[in-house]
Amino acid sequence: MTETTSLYPRLESLLTQVNKPVQYIGGEVNSVNKPFGSAEVRWALMYPDAYEVGQPNQGLAILYEVLNERDWILAERTFSIWPDLATLMRRDQVPQFTWESHLPVSAFDVLGVSFSTELGYTNLLEALDLAQIPLHAAERSEADPLVIVGGHAAFNPEPIADFIDAAVFGDGEEAALAISALIRDWKAAGRPDGRHGLLLSLAIKGLAYVPAFYDVTYAADATIAAIAPNQPDVPARVAKHVLLELDNWPYPAKPIVPLAETVHERYSVEIFRGCSRGCRFCQAGMISRPVRERSIETVGTMVECGLAATGLDEVGLLSLSSADHSEIGEISRQLADRYADSFVSLSLPSTRVDAFNIDLANQLSRNGRRSGLTFAPEGGSERLRRVINKQVSETDLLSTVGTAFGQGWRQVKLYFMCGLPTETDEDVLAIADLAARVIESGRHASGSRDIRCTISIGGFVPKAHTPFQWVGQLDVETVDRRLRALKEKVREDRRYGRFISVKYHDGKPGQIEGLLSRGDRRVGKVIEAVWRDGGILDGWSEHFSFDRWTAAAEAELTPLGVNLGWYTTRERPRSEVLAWDHLDSGLDRDWLWQDYQDGLAEAEVEDCRWAGCYDCGVCPDLGAEIQIGPTGRSLLPLRQV
Amino acid sequence: MSKRQPPKQQPPPVQRLRVRYAKRGRARFASHRDFGRAFERALRRAGIPMAFSSGFNPHPRISYLNAAPTGAASEAEYVELGLAESREPAQVRDALNAAMPTGLNIVEVVEASGGSLAADLTASRWLIEWPQADAAELAAGVAELLAATSCEVQRQSKSGLRSFDVRPAVLELKVVPAGLNLVGVMGEPLLRPSDVVTALRQLRPQLVDTGTALFSRLEQGRWDGQQVGDPLNQ
């Protein structure tokens, strides 16, 4: 049995020697501290990055509440440890701990890790090593926790297949409870067939994907020949979980309020899950279909109770495209009315470009400043926007920002990507022209010269389970050359250049993200080599080392007949077996291919919420359905206090 | 066309409260900014009717005074509040305590008397826990420091290494069973207990490799030559 006394007394003197020790102490408002012995199933939930990034994660917050609400389950949290503390912990043999009780992570039944980005993979290895849990799943014993991953990046977990015991696809609420029940029953039955028995029943019930139960074989040309189960009764394809009736799952209801400063400090309500706008580059939209709304009543109750439970003064109405909620107008107006005199600010990540969005933004900023609005045209030219199915015409964009500037807004931020399929230098340079016309129309509409436009642009990374899963990623040199050319063109614009700022990320991290997001099991060796060489915290530019990654890729992949470019810049043929073909996001492979071809032909696809089904495959395949309003109801009346 | 409204002028506070709070246990690692965010959220959760400043970005009226350094525990931190409606101080204390994170505890709330609270916070009593230091070495170091007329130490500040004389800021320094008990002047530059540890290590090199020292503020107030007064009850 692993020790289950608090590590805190051994940690305290180490904390006096490190940066921002407050992030490691736990004890925050709404954190749950159950006696370790009181639960039958114990989860250590991890977001594999620093506390300031991981704590605001919505997925983690939801699972934390769902699990801790059951008296037979407990869940504590753990995050990445910064190198200053990790060095001291290794010196003193203090293992990776949980934030609530400062217990060793190895004492828990499950280490559940939520991956929003592939750049967290080295952080998983670092945490396993600090936790004194064997790095490779094959070396773990019955005493070690099950390492289960989820989140968007888990939809292709093949690059980390050696390090994880299982991956869960899709919505985690019901899945985490079902897995907990399975572990409880397995323990109560005397752990039949040990760890293998537990993993086998997880796999057979379709609850999770267990990589060890699938063999991958390779063809002479180094492509994958086949991926097939190696155990009886294990399904050939593993499907994602889809949660229906979000109103029955109003979480997080009382999220933890961090004591340390974090990247987002607001109470966020997910007003709907899923998106069927059909942007072809967008993995989040593709893998989270269909759209399921929370009703206006549930949103109202969650906001009211969430603010009361946290004391926060900022509310975010989250989703992949919040203005698309069927009752967003009423939600915004009624929330703005309710909190008009209470110093609560409301925000909507507004990325759609239409006048309706401006109305919403005006409602939500009634009390506050009208500083900046954000839109995401993603592609610089109209042609390119048809390729990616981002249905925004330049006329719409200019009239929308004109309206915004006319109503007191002074700044717009425009998001773009570089390296989209079929993109040319001219498509990227067109962004500068667009920004100049934005300034022009803003000056005209507002009568003021004080109009600013920020262009934020990064490299496009093709992702699994999207229509662009086959495309060759643009090479680093071309990405960087196009971005520099754009910046140069803006700088040379004598009339408007100094009112436009260009913010861009260089193409290097994107190339590694590309390797990890469309990699197969062979890429695991690269991840391990990078971590062994000291690579961690790849999401932080001061820690990310492109040279370390390319050196590790060269050393580990060349003997296998593949290389970095083979995974990233190579266009994959339709016939090729993709590393994630056996992992079922519900999207029909033929539909994805057809949508890719439609993109190349610059053909647009309407949203299935309004234009009818076009057979992407999700609903019939997964027994799901679109769940949207309008309900015609309103926010609950304010309770008398 | 709807232009934005000018910000509403906020009414002045109707009641001023003075709050003494403690930073205990793990919460010693909270910085004054961490405390500030937690405190403002606790005020909202507890439903304390705060007065707000005017402007586009109104802030609740809170004055933070002389926060203990990050990593130091404290039994005597002070904050002053302006309320929009009057409340019973004891009730405010209990409501806030129920809403604060573990280790940040509201010890006392009183109605503000006249005068400035800041002006009353001129000295601090600290406990310096230094378990690995030899008691005889400590006693010798204390005696040498108190006998000296000056003792320059260097400290890392945002603008680089700065040097200042610790000795005039030390009002009282005694060896106690847990380590040291220090009364220091709250002047400019502010004496930190870590400066006294640095001074003692300079005087007694055997104290250099003796692990980390932990600091706790015990009292803050006026020094009358004998004791540190209680700024909320005088």
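Residues numbered from 1 in each chain as written. Chains lettered and ligands numbered in written order. Predicted model: local features only at pLDDT ≥ 70, side-chain atom pairs only at ≥ 80, totals over all residues.

Turning to the overall build of chain A, a few remarks are in order. A tally of helices and strands in chain A yields 22 helices and 18 strands. By the compact-globule yardstick of 26 Å for 641 residues, chain A fits well, its C-alpha radius of gyration being 25 Å. With respect to the three principal axes, the spread of C-alpha positions in chain A is 75 × 70 × 55 Å. At a minimum sequence separation of 6, the contacts of chain A that also span at least 24 residues come to 78%. (Helix = DSSP H or I, 4+ residues; strand = E, 2+ residues; numbered from the N terminus. Rg over C-alpha atoms; globule rule 2.2 N^0.38 Å. Contact = placed C-beta atoms within 7 Å.)

For the rest of this paragraph, the subject is the domain arrangement of chain A. All names here are of chain A. By domain assignment, chain A separates into domain 1 (8-239) and domain 2 (369-522 + 562-605). Placing a centre on the C-alpha atoms of domain 1 and another on those of domain 2 gives a separation of 34 Å. In this complex, domain 1 contributes 23 residues to the contact, which on the side of domain 2 involves 20 residues. Contributions of two or more residues to the side of domain 1 that touches domain 2 are made by strand E6 (214-218), strand E7 (224-229) and strand E8 (238-239). No other element matches the four residues that E7 contributes to the side of domain 1 that touches domain 2. A breakdown of the residues in the side of domain 1 that touches domain 2 according to their chemical character gives 17 nonpolar, two polar and four charged. (Domains from an automatic or database assignment. Nonpolar A, V, L, I, M, F, W, Y, C, P; charged D, E, K, R; others polar.)

Residues and elements named next belong to chain A. Along strand E16 (residues 452-459), the buried face is formed by Cys453, Ile455, Ile457 and Gly459; none of Arg452, Thr454, Ser456 and Gly458, which line the opposite face, is buried. Alignment of strand E15 (residues 411-418) against E16, held across eight bridges, turns out to be parallel. Bridge pairing links Tyr415 to Ser456 in E16. Crossover handedness for the path E15 to helix H14 (residues 425-446) to E16: right-handed. Note: E16 against strand E17 (residues 500-504), five bridges, orientation parallel. Within E17, the position partnered with Ile457 by the bridge is Tyr504. Once you follow E16 into helix H15 (residues 476-492) and on to E17, the crossover reads as right-handed. (Buried ≥ 20, exposed ≤ 12 C-beta atoms within 10 Å, placed from the backbone. Pairing = 2+ DSSP bridges. Right-handed = clockwise from strand over helix to strand, strands pointing away.)

Residues and elements named next belong to chain B. Annotation of chain B at the domain level lists domain 1 (15-118) and domain 2 (121-221). Each of domain 1 and domain 2 was reduced to a C-alpha centroid, and the two centroids are 28 Å apart. On the domain 2 side, the residues contacting the twelve residues of domain 1 number nine residues. Those elements that place two or more of their residues in the side of domain 1 that touches domain 2 are strand E3 (73-83) and helix H3 (117-120). Here the element with the most residues in the side of domain 1 that touches domain 2 is E3; it accounts for five residues. For the side of domain 1 that touches domain 2, a count of residues per class yields nine nonpolar, two polar and one charged.

Moving on, we come to helix H9 (residues 296-310) of chain A. Taking 1.5 Å of rise per residue, the 15 residues of H9(A) would be expected to cover 21 Å, and the 21 Å separating its terminal C-alpha atoms lies within 8% of that figure. Along H9(A), the residues that are buried comprise A:Ile296, A:Thr298, A:Val299, A:Gly300, A:Met302, A:Val303, A:Gly306 and A:Thr310. Tucked inside the fold, the buried residues of H9(A) contact strand E9 (267-270), strand E12 (314-318) and helix H10 (328-338) of chain A together with helix H1 (32-45) of chain B. Looking at the residues trailing H9(A), positive phi occurs at A:Gly311, about 75°. (Expected span 1.5 Å × (residues − 1).)

The next thing to look at is helix H5 (residues 121-130) of chain A. Residues and elements named next belong to chain A. With respect to burial, H5 is a largely interior element, nine of its ten residues being buried. Taken residue by residue, H5 has Tyr121, Thr122, Asn123, Leu124, Leu125, Glu126, Ala127, Leu128 and Leu130 as its buried positions. Buried-residue contacts for H5 involve strand E1 (41-47), helix H4 (83-92), strand E3 (110-114), helix H16 (508-517) and helix H17 (523-532). One or two positions beyond H5, positive phi appears at Gln132, with a value near 60°.

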